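As a plain string of letters, each chain reads:
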Amino acid sequence: MLVFFIIGIFLAFFLAFLIFTKKDKRISDRILFAWMVVIGLQLLGYYTYSLGNWHAHPHTIGIAHPLPLAQGPFLYLLILYTIKKKERFCWKDYLHFAPVLLMYIYMLPFFWGHSGNEKIQLNVQVHITDSVFMLVSKVMYIFSGFSYLTLSFYLLKHRRQSSGNDDIGNLFALHYYLACGVCAVFMLAAILYMMQEVGIIPVTVNVEYIIYSGATLCLLFLCVYTIRNTSFLSVLEENEDDAHNFYAIEEEVDLYVDRLSKVMNLQKPYLDPDLNAETLSALSCVPKRSLSIVIKKFGFNNFNDFVNSYRIAEFKRKIEEPYYAKFDIFSVAYDSGFRARSTFYDNFKRLTGETPSAYIKKRAKRDNSR
């Protein structure tokens, strides 16, 4: 069983090291780093207890006891700050860790008011009698864990629905699996604690061994996911645009959709054959990182299809004008923003389902029938 603790400690600090050495760390990276450190310290505390080192160093008894109350807040804040654009940690978010601080304050008399031998005796008595403090602690662990899990799953569900995309991506999958893993650990803890309270499991049995073995399995999965999906540590660095687009705030997206629509209809930047995402972003005041999800709100999967749809609509308008009756098809297409003949014909057929010639003939028949 001790092997699980060693593996878990190594994995937690290893992941923390990888995140710490990452360039251009965002606030979500720092939250994940702190979370891994706390998990590592928590596992290290129970590992030293399992070795019997608490008898040799009684001042370490109870140091890790409040840390399970931090697991739920870390998961929730990690997901929240990945979704939000803010790069500063809000002071109100520190309140999520108030129960941890309050428990440490409550335990101060134990830390500072007893000798080493007294701490050892008190610790043994607590585990044998299962004191009120231990029972309240267990209830707080479970309540805190499931409360923050509910909030975390709500955030994930809300962002998935607002994205309108079934391809949730590596970042969403990572957070979803993390939430499921934490949920499994807290469910395991709740079941074991309940079985211990009703007498199915003796009080003398340390169920934390099983619980932290489950936590180690979650860390192992996280490492495997990291190795198999190299974007884990770079998703907010190399692929930051995709991550932000997926988690873009719905209200901002609606604003960007309005801005982009006005620019496309009034300024007609698509008439420039060299139009690119950077130029369109500057003209519409829509951040480039959000341009992809805004374009999807218009019903298109990529920038080129979005722009070419406006060019095709412009072509259709121009051939209705008498002035363009003397021009050939591609000349009109060129004035509509297309540079190459093949690009025009291919996109027209793909986006409308018919060739330009077929469309013009159908329009002429419609006009003659009137």
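Keep in mind the model is a prediction, meaning the values are calculated, not measured. (Residues numbered from 1 in each chain as written. Predicted model: local features only at pLDDT ≥ 70, side-chain atom pairs only at ≥ 80, totals over all residues. Heavy atoms only, no water.)

## Section: the overall build of the protein chain
Item 1. If you tally the helices and strands in the protein chain, you get 18 helices and 0 strands.
Item 2. Within the protein chain, buried positions represent 45% of all 370 residues.
Item 3. About 19,800 Å² of surface is accessible on the protein chain, with carbon and sulfur atoms providing 62% of the total. (Helix = DSSP H or I, 4+ residues; strand = E, 2+ residues; numbered from the N terminus. Buried < 20%, exposed > 50% of the residue type's maximum accessible area, 1.4 Å probe, protein only. Areas by Shrake-Rupley, 256 points an atom, 1.4 Å probe, with all protein chains shown as cover.)

## Considering a nonpolar patch on the surface
Item 1. Together, L101, L102, I105, L108 and W112 make up an exposed nonpolar region whose accessible area comes to about 590 Å².
Item 2. In terms of residues, the nonpolar patch owes the most to one element, helix α5 (residues 98–106), which gives 3 residues.
Item 3. Take L108: it is sitting in helix α6 (residues 108–112). (Patch = residues over 30% accessible without salt bridge, like charges linked within 9 Å, V, L, I, M, F, W, Y side chains within 5 Å. Salt bridge = Lys/Arg side-chain N within 4 Å of Asp/Glu carboxyl O.)

## Re the packing of helix α15 (residues 303–318) against helix α17 (residues 341–352)
Item 1. It is the contact of α15 with α17, at a shortest axis distance of 10 Å, that shows an interaxial angle of 95 degrees. Classified by the angle their axes make, α15 and α17 are roughly perpendicular. Only F344, N347, F348, R350, L351 and T352 of α17 make contact with α15, whose side of the interface consists of D305, N308, S309, I312, F315 and K316. (Axes fitted to C-alpha atoms, helices over the stretch in contact; angles between N-to-C directions. Parallel < 35°, antiparallel > 145°, perpendicular 65-115°, else oblique. Contact = heavy atoms within 4.5 Å.)

## Things to note about unusual backbone geometry
Item 1. A positive phi angle, close to 50 degrees, is found at K268, a residue other than glycine.
Item 2. The backbone phi angle of C285 is positive, close to 60 degrees, even though this residue is not glycine.
Item 3. By the secondary structure assignment, C285 is in the loop between α13 (277–284) and α14 (288–297).

## A word on the environment of C285
Item 1. As for C285 and R259, which are separated by 26 residues in sequence, their C-alpha atoms are 7.4 Å apart.
Item 2. Other than its neighbours up to four places away in sequence, C285 contacts Y256 and R259.

## What to know about the pattern of salt bridges
Item 1. In the structure shown here, the tally under the stated rule is 9 salt bridges.
Item 2. In this structure, K318 engages E314 in a salt bridge whose closest nitrogen and oxygen atoms are separated by 2.6 Å. Linking K318 with E314, this pair stays in helix α15, spanning 4 residues, or about one helical turn. In this structure, K318 and E314 share a single accessibility class: buried.
Item 3. In the salt-bridge network here, residues are joined through shared partners; they are K268, E314, R317 and K318.

## A short note on the packing of helix α2 (residues 27–51) against helix α4 (residues 71–83)
Item 1. Relative orientation of the contacting elements α2 and α4 amounts to 165 degrees, with a least axis distance of 9 Å. As summarised for this structure, α2 and α4 are arranged roughly antiparallel, according to the angle between their axes. Of the two possible hands of crossing, α2 and α4 adopt the one that is left-handed. When α2 is examined against α4, the residues I27, S28, I31, L32, A34, W35, V38, I39 and Q42 are found in contact with a partner set consisting of Q71, F74, L75, L77, L78, Y81 and T82.
Item 2. When grouped by side-chain class, the residues that make up the contact of α2 with α4 number 12 nonpolar, 4 polar and no charged. (Left-handed = near helix turned anticlockwise from the far one by under 90°. Nonpolar A, V, L, I, M, F, W, Y, C, P; charged D, E, K, R; others polar.)

## Focus: the confidence of the model for the protein chain
Note that predicted coordinates carrying low pLDDT should not be read in detail.
Item 1. For the protein chain, per-residue confidence averages 80 on the pLDDT scale, and 81% of positions sit at 70 or higher.
Item 2. Per-residue pLDDT stays below 50 along residues 164–168; that stretch engages in 7 contacts with residues further than four places along the chain or on separate chains.
Item 3. The low-confidence segment residues 230–248, where pLDDT is below 50, has 49 contacts with residues more than four positions distant or belonging to other chains. (pLDDT = per-residue confidence, 0-100.)

## Concerning the environment of R26
Item 1. Its location among the elements puts R26 in the loop between α1 (2–20) and α2.
Item 2. Spatially, the C-alpha atom of R26 lies 8.9 Å from that of T82, the residues being 56 residues apart in sequence.

## Some thoughts on the nonpolar core
Item 1. By size, the foremost hydrophobic cluster in this structure holds 61 residues, and its most contacted members are W35, M36, L75 and L219.
Item 2. Put simply, the parts of the chain that give this core at least two residues each are α1, α2, α4, α5, α6, α8 (132–163), α9 (169–197) and α10 (208–228).
Item 3. Discounting residues that sit within four places of it in the chain, L219 has contacts with G8, L11, A12, L15, M36, I39 and L43.
Item 4. Counting 18 residues, the second-largest nonpolar core is a separate cluster that includes Y256, L260, V286 and F300. (Core = buried A, V, L, I, M, F, W, Y, C linked by side-chain atoms within 4.5 Å.)

## A closer look at the side chain of E314
Item 1. By relative accessible area, E314 is classed as buried at 3%.
Item 2. Only 3.0 Å separates the side chain of E314 from the side chain of Y270, close enough to count as a polar contact.
Item 3. Reaching out from E314, the side chain makes a polar contact with the side chain of K318 at a distance of 2.6 Å.
Item 4. The residues touching E314, leaving out its near neighbours within four places in the chain, are K268, Y270, L271 and S336. (Polar contact = N/O pair within 3.5 Å; in protein donor to acceptor, adjacent residues only side chain to side chain.)

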